[in-house]
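# Inside the fold
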8 protein chains.
Amino acid sequence: MQGESLRALLEAVKEGRTGVEEAFGQLRKLPFESLGFATVDHHRAIRCGFPEAIFCQGKSADQIVAIFKTLAATGGDVLATRAAPEQFRAVKVAFSYAKYHEAARCITLQQIEKRPTVGTIALVAAGTSDLPVIEEARVTCQIMGQKTEQLYDVGVAGLHRLLAQAPTLHDARVVVVAAGMEGALASVVGGLIAAPVIAVPTSVGYGASFGGITALLAMLNTCAPGVTVVNIDNGFGAGYMASVINRLGEAKPDK
Amino acid sequence: MQGESLRALLEAVKEGRTGVEEAFGQLRKLPFESLGFATVDHHRAIRCGFPEAIFCQGKSADQIVAIFKTLAATGGDVLATRAAPEQFRAVKVAFSYAKYHEAARCITLQQIEKRPTVGTIALVAAGTSDLPVIEEARVTCQIMGQKTEQLYDVGVAGLHRLLAQAPTLHDARVVVVAAGMEGALASVVGGLIAAPVIAVPTSVGYGASFGGITALLAMLNTCAPGVTVVNIDNGFGAGYMASVINRLGEAKPDK
Amino acid sequence: MQGESLRALLEAVKEGRTGVEEAFGQLRKLPFESLGFATVDHHRAIRCGFPEAIFCQGKSADQIVAIFKTLAATGGDVLATRAAPEQFRAVKVAFSYAKYHEAARCITLQQIEKRPTVGTIALVAAGTSDLPVIEEARVTCQIMGQKTEQLYDVGVAGLHRLLAQAPTLHDARVVVVAAGMEGALASVVGGLIAAPVIAVPTSVGYGASFGGITALLAMLNTCAPGVTVVNIDNGFGAGYMASVINRLGEAKPDK
Amino acid sequence: MQGESLRALLEAVKEGRTGVEEAFGQLRKLPFESLGFATVDHHRAIRCGFPEAIFCQGKSADQIVAIFKTLAATGGDVLATRAAPEQFRAVKVAFSYAKYHEAARCITLQQIEKRPTVGTIALVAAGTSDLPVIEEARVTCQIMGQKTEQLYDVGVAGLHRLLAQAPTLHDARVVVVAAGMEGALASVVGGLIAAPVIAVPTSVGYGASFGGITALLAMLNTCAPGVTVVNIDNGFGAGYMASVINRLGEAKPDK
Amino acid sequence: MQGESLRALLEAVKEGRTGVEEAFGQLRKLPFESLGFATVDHHRAIRCGFPEAIFCQGKSADQIVAIFKTLAATGGDVLATRAAPEQFRAVKVAFSYAKYHEAARCITLQQIEKRPTVGTIALVAAGTSDLPVIEEARVTCQIMGQKTEQLYDVGVAGLHRLLAQAPTLHDARVVVVAAGMEGALASVVGGLIAAPVIAVPTSVGYGASFGGITALLAMLNTCAPGVTVVNIDNGFGAGYMASVINRLGEAKPDK
Amino acid sequence: MQGESLRALLEAVKEGRTGVEEAFGQLRKLPFESLGFATVDHHRAIRCGFPEAIFCQGKSADQIVAIFKTLAATGGDVLATRAAPEQFRAVKVAFSYAKYHEAARCITLQQIEKRPTVGTIALVAAGTSDLPVIEEARVTCQIMGQKTEQLYDVGVAGLHRLLAQAPTLHDARVVVVAAGMEGALASVVGGLIAAPVIAVPTSVGYGASFGGITALLAMLNTCAPGVTVVNIDNGFGAGYMASVINRLGEAKPDK
Amino acid sequence: MQGESLRALLEAVKEGRTGVEEAFGQLRKLPFESLGFATVDHHRAIRCGFPEAIFCQGKSADQIVAIFKTLAATGGDVLATRAAPEQFRAVKVAFSYAKYHEAARCITLQQIEKRPTVGTIALVAAGTSDLPVIEEARVTCQIMGQKTEQLYDVGVAGLHRLLAQAPTLHDARVVVVAAGMEGALASVVGGLIAAPVIAVPTSVGYGASFGGITALLAMLNTCAPGVTVVNIDNGFGAGYMASVINRLGEAKPDK
Amino acid sequence: MQGESLRALLEAVKEGRTGVEEAFGQLRKLPFESLGFATVDHHRAIRCGFPEAIFCQGKSADQIVAIFKTLAATGGDVLATRAAPEQFRAVKVAFSYAKYHEAARCITLQQIEKRPTVGTIALVAAGTSDLPVIEEARVTCQIMGQKTEQLYDVGVAGLHRLLAQAPTLHDARVVVVAAGMEGALASVVGGLIAAPVIAVPTSVGYGASFGGITALLAMLNTCAPGVTVVNIDNGFGAGYMASVINRLGEAKPDK
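Figured I'd write up the structure that's included with this text. Computed from a prediction, not measured in an experiment: that's the story for all the values here.

What counts, and at which threshold
- Residues numbered from 1 in each chain as written.
- Chains lettered and ligands numbered in written order.
- Predicted model: local features only at pLDDT ≥ 70, side-chain atom pairs only at ≥ 80, totals over all residues.
- Heavy atoms only, no water.
- Contact = heavy atoms within 4.5 Å.
- Buried area = accessible area lost by both parts, 1.4 Å probe.
- Salt bridge = Lys/Arg side-chain N within 4 Å of Asp/Glu carboxyl O.
- Pairing = 2+ DSSP bridges.
- Helix = DSSP H or I, 4+ residues; strand = E, 2+ residues; numbered from the N terminus.
- Right-handed = clockwise from strand over helix to strand, strands pointing away.
- Least-squares fit on C-alpha atoms with pLDDT ≥ 70 in both.
- Phe/Tyr/Trp six-rings, centres within 6.5 Å; stacked < 30°, edge-to-face > 60°.
- Buried < 20%, exposed > 50% of the residue type's maximum accessible area, 1.4 Å probe, protein only.
- Lys NZ or Arg CZ within 6 Å of the ring centre and 35° of its normal.
- Polar contact = N/O pair within 3.5 Å; in protein donor to acceptor, adjacent residues only side chain to side chain.

### A closer look at the interface of chain H and chain F
- Between chain H and chain F, the contact holds 36 residues from the first and 37 residues from the second.
- For the pair chain H and chain F, the summed buried surface comes to about 3000 Å²; carbon and sulfur atoms form 70% of the total.
- Considering only the surface of chain H that becomes buried against chain F, Leu220, Met241 and Leu248 of chain H emerge as the three largest contributors, covering 20% of it.
- At the junction of chain H and chain F, the tally comes to zero salt bridges.

### Some words on the pairing of strand β6 (residues 147-151) of chain H
Residue and element names in this part refer to chain H.
- One ladder, built from five bridges, connects strand β5 (residues 120-125) with β6; its direction is parallel. Each residue of the ladder has a partner; that of Ile121, found in β6, is Thr148.
- Crossover handedness for the path β5 to helix α6 (residues 131-143) to β6: right-handed.

### Section: the relation of the copies chain H and chain F
- Mapping chain H onto chain F calls for a screw motion: a turn of 179° about the axis and a shift of 0.4 Å along it, with 1.5 Å RMSD after fitting. Taken together, the rotation and translation describe the operation of a two-fold axis.

### Observations regarding the packing of aromatic side chains
- For the coordinates displayed, the defined rule picks out 32 aromatic pairs over all chains.
- Here Tyr206 of chain B and Phe55 of chain G contribute two aromatic rings whose centre-to-centre distance is 5.5 Å and whose plane-to-plane angle is 15°, an arrangement assigned as stacked. Of the two residues, Tyr206 of chain B sits in the loop between β8 (197-201) and α10 (213-220) while Phe55 of chain G sits in strand β1 (residues 52-55), which places them in two different chains.
- Judged by its relative accessible area of 29%, Phe55 of chain G is partly exposed.
- With a centroid separation of 5.1 Å and an interplanar angle of 20°, the aromatic rings of Phe88 of chain H and Tyr100 of chain H are classed as stacked. With Phe88 of chain H in helix α5 (residues 85-94) and Tyr100 of chain H in strand β3 (residues 99-101), this pair connects stretches of sequence that are twelve residues apart.
- Looking at Arg82 of chain C, its charged tip hangs above the ring of Tyr206 of chain A, at a distance of 4.6 Å from the centre.

### Remarks on the side chain of Gln146 of chain G
All names here are of chain G.
- Looking at where Gln146 falls in the secondary structure, it is placed in the loop between α6 (131-143) and β6 (147-151).
- Here Gln146 falls in the buried class, since its relative accessible area comes to 8%.
- A distance of 3.0 Å separates a polar atom in the side chain of Gln146 from the backbone oxygen of Met144.
- Side chain to side chain, Gln146 and Asn246 meet in a polar contact 2.8 Å long.
- The residues touching Gln146, leaving out its near neighbours within four places in the chain, are Thr117, Ile121, Cys141, Ser243, Asn246 and Arg247.

### A closer look at the environment of Ala66 of chain D
- Here Ala66 of chain D lies in helix α4 (residues 61-72).
- Along the chain, Ala66 of chain D and Glu102 of chain D lie 36 residues apart, while their C-alpha atoms are 22 Å from each other.

Interpretation note: all reported values are geometric properties and have no functional meaning in isolation.
Have a look at this one:
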């Protein structure tokens, strides 16, 4: 397509329909466009229904509303993470359809209807304190049109809780594991299943948990293959990656 | 098989050949076996053609040969990572078909014929010093039957080298990025494409690179979504994860 | 109970009331239940009188009361750590017998009468600032039915204070040592006695004490054998471990 | 002046008004005064129009006003960084011409008219959260009489935004790059241009960004030559260095 | 008792049976003895058959032999850890009965016959690379007269291997767990059983395992109660602590 | 001396002048006293006029007043550090002579008249933000009866300010240097003089100053001999050490 | 120029001299070229005489010779850093004019004659152990055509050595300061002069110098403005940056 | 001497032999010389008999001999630390009187006869592995003319060993304490005595001792006042500081 518009421009120059200077001007701007960078960005949003995300922490309600409006104007979905209730109230005034996910601290505005995916993403959390992170992952998956299953409070201190859920784990196409403290859950899950595991260390813990560093290091050193890691408390990143992977497994008849 | 022995026990109970108490005793011990964990492991190998890997560092040649024999006996492929030339020579005596990948420091024994995948995994390395790591990823992908494309020495200090390869990047279904020093390449690649990116920090650098910690931290903090991270120098882990993901995108007619 | 249901199923198969396939299906799901992990957990509580503990920090009063009710319903003791006074007030409404230990920041509900242990656990604290941690250990020991002796404010800067208490130390079957700053007390106590020492680094200090890291590292590097370490400020963990160990030393006539 | 008093002393010795021993005593103490260090400081301010800067954080409004008065009395410009609005209000009472730069959290009092520089300093920021830091750099450059260009929100996750600004980057004589998270922008900019780049890591990020340490380390490990680094969030230092460098490139006819 | 001997001495002085100088000599030595410090040390060795241990690393063969002779002369057992084969050969010359434990890198000289303990210590290791550490623990337990059970190569990446050994774990009175990399095994074992668990982080791993720091931190942050930790690779310390604890559980009819 | 009193006691027992029980009572207390532990503590306070210090941070006003009363009752001086104004007000009620040093955040109660020392302690601070720390050192020196000289705001960025004070530095018998940020002042002072230098890193700074760690490390790595270091912000420790050292230099005619 | 070739191509298409497909092919490749990225790289080398640098550490002699040949073939200068004597001997065979700088561990091949700069770069080193780093900076400056002055062994422990060189410092247009241990020299120099200072921390030191981290942190926290920092031991980076800056100050009559 | 040349110049001005302008010129350059810094250095050596020290590590035998000759030529004592036997052999050729202290790894050349000090410095080491460090301190004290007492192998794991030496500790005017691992000895000694304690952390230990960091942190966080710290393994620095302090306590009749 890009190639086509380039060819068309050259034909127009050849046929005199477009002047050299005008073509020159367009081509000067073209490289970046023809590189497909900006286009890629647009394509990404249109093709995948993947929303642009706003990181609300440290932004004023006004700023969030302004960015929200810009993103919503493209007709795509909007996801705002780390959003406080008062930030949502400001968004709500402008977008009555916007929805607040309290546990996940997220605001979503769903503007694109999506066909549910066939494959599921299993969302696994070690304890109830990991809820904000795993819920951020869940809301991210949801607005990206993914089917999810939740397995919460299945930490390794009571291993039977996790093992009882083994069928759900085995059926998942991608698994997100959120855990704080010693972060052992990612290794245990990674050792049980063949699907790709996205591990999210959480800042849950105290003392030598160092705000999630211990869980992060443990997950990076997992002895189970097929486990990769995102930043501490980065539920959005884990949900995004899981969605990108799950999409690869969907039937694409027209390809 | 497991199922069969369970069924046989039940039949024996039904037919009175085995007493309730005796069956009860056997079943009490059975759970771990019937859990299917070992089976899962076997299923994994058989279903995916994913080889078991041997981490050679710190093992004697004798130990490696012994483990190699055990794994090869199952008829599956064998991959040995971090293998020194002398370790390979010992393996070569027992397995004349074993192959040494010098740059990757890997030994492979391919026993299963695989249909090449449709989708490709792009392997991107920042500099020539990152070769051992990205090659370990490549050999891992290869023995797992994946089609790969190499983009080496395309670090961000000369961005045009990477941009010139943009089409290859865009065509890939999964991308592995290996970089040391400041590890910026993962973010730049993640910002260019929509496919999942597996980032491998390498220990290339000096001074405040701290043996790869800087690259690791940078990759974990990437501002590009769709990027996850494995341990420093863990080319095997990156290649394994990329293969697992790429497999999800292959045509599965009977599903 | 688990055993009973398993036996009942086998009887039903034997008597033809349940078909082999149906039993097979039930048994496939059974393993996790029959694993006895949950049972182990229950056994633990019943056998040892060890309460389940609630970590209150970061939980709402409502959440704590809800968990408290679930645990109390089993008839066992309940221990809630890191509890604020207002959290206790909410618990008090539902459980008028619940007790608040201010210095320890703990809530306890004692439902099981316990025979006092013969052996004692010595609780040693370096300074008055370590009180919340050592008191958390003491309350944990107490609800687990242990006899304790307190030796508080006996830090190494005035060694004679500790030495004057040597007899109490020598009579203890297990010793818990809580210290912040340089954490030297654990080594000094470990060098004086033969009993096992559980060392708890506390976050007491400033500057290069790094919130307890210095004490933690010092305790891990103790030159005295027979000293093991728990997380910073983890008085509960130290008290729990000390209780588990002390129980081993109690007379068990029927074993 | 210093020279004058030295000369006067020598004259007094020559004329016998001051004895050798007395002069000897005075000269023994003189060196520090005659070193001209204080003079150097004054020279710096007078010659370059470089203001003394007040770091307001942790100072009371009274203290800031007092220091402000002392500095303003020399007739030079005054720059106060990390200034809160209430601190500005106190300064405003004494200096009605003082100006508050909200985004930069700076107060300036411009007392010296400056000829704009020919060369420009490009100020590049990765995201909107980096604004306080890059604006501190901008205000510093401005009061030091430098011409600046701003390129904000051009992070590497959307590389085309930066590339679209390549001409501005190429025209700059010095470039300041502020970025948090993985700090990759400094390397990318350093790889695109030949001008000296001053990189400022910012504390923007969460989890393993460790308050800017990750960006700092990444910038120190840049694979692009011609990049140097200042402390985390040190917009003033970056702007100051850029101004000192840019001044070197200005036409100096009388030199 | 101490008091009695003190009183007796004073009586003897009063009655002239003991001279002032002789009493003075005894009293000069008494304080430390009456404090019980030196006595404790002797009591410990005699009562428990616990050997003094020599840390061989960085000592010359001559030094080791010299210390070995001193310790052996007391008639007690001797344990030398981190001993190289050539160090053993030097010891062997002087003590033909000394024994070298290659995997554990330990030398032992058993001079005291011991009744085997009733309770067992389970020694659990995650991988074959953890052998030197867990074997050091085993040899320490053995010379301290403990009965042990080994469960090696049961890491969490293949959880069924561990679960298959659950009965052995449940029967143990104390458990030592050695694991490197992410150190998750300690939490998993701690979640399965009620016995005290001594966790030993090992330096097995690479990259972000930081020579055992990750495993250490993970073990300190375990979500399972009843787990305490020793220094990285400190198999001796773990074995010593486990032995001290196990001894508490032995029948002591005469107490 | 201790030996003499011991001999004397024995003689008294022998001659019947002291009863066995009475001697027993004295000897029971003796070990610690004859060890000199308790005695040392008392001697220290009486001989040097060195006050016991109370670290107020994290203590309630009631607790502080209680400890204050205990210490004051011995007739010695009392020093309370890190004291908030409201804590002082509570102390003031009980001790109308107590004095609050606002900049130093200290309370003092001077009960012993002291002869001023001949030698002086120079107190050197890099910036005005280091005042709380250097003033804590000054108040500590003062209550310990030391003569001090202050050299404040003489940081290395304007070296002439320090050099101008060289005579004061050279005249001092001990020097305390407080500096934050890069802590270079300790090395510069250490390079100028022959007297012992006690360096106090302060938590002044931001970003990579890491709350004083950078200054601490810099001071520990000083290239100037004769410099030792105390904990971050530990003005009390520095003042105490300087006083102990300065006392050694005082004329002691009766020794 | 780039624009001209673009215009020329368009004219050729318009005039039919170049076919659409051929132009299309050229333009597909053009974007990257017209972006000027590759061009920038070439321009940089040609315009400034700045050589490409080879980091020899970890490369074989063969690899170095190969890269050397490629770079030399462009007619530009070549600089190889961290080169061992044996690596030089291999280069010497191919390039008899190549020169080895032993103290700097650098190989240079000077192919472009350069007019010496008017302004000088002062190279300041704290101790003799810092020589390899500061000499690497010097050789880099030299091959980039800069005039340099050396001030070696002028550390702050003997401040007079530095002060005696003040005139040289004041005359320099840019200053490079290399120091290990506490790195205080950068602050002291930065406080004495107005020129830009590039600070290079070196790995000289032991214990808590942590291989240069202390010096690095100290330099980043400098209280002197006009100081920026490069990676530990990065003499090349410092020399490169100093040369880029110094070039800005040179007379450019035709600009 | 400096004073003499200054006086001579003034005389020449007074007598008209030197003009005011010429003297002015000379005096402008003089300050750095007349600052007396170099003089201070010389004064220090002459007055105190404190030798200059050579840090041999990383220096060639030739370099060491050259520096040795320069220092020896002044007639003062010479101390070379961290010297290997082969380095000593080279020095021995040139200085037959030079002496090698093997345990301390030091070379000394004593050229100045010194009166032994009255006060003693107690040198305390925790274990035999700390010998190189404490011996470096001892040799430093010795060449600086100090009387020392050694208390080696008195670590806190066997506290009675230290307590038995209490009289020696109490008699010392200054105490140096060297300890690795958890470094608790410094606090214990600091709590026993009133004299100033110089603590030297050593790199003795493994695992979480981090090459001495744990001991360093523990010593900085000591709860005993009167303790200051030097760098890890810096026996020279500790011995130097102790000597400087001890000298203050010596009788100075002519002062």
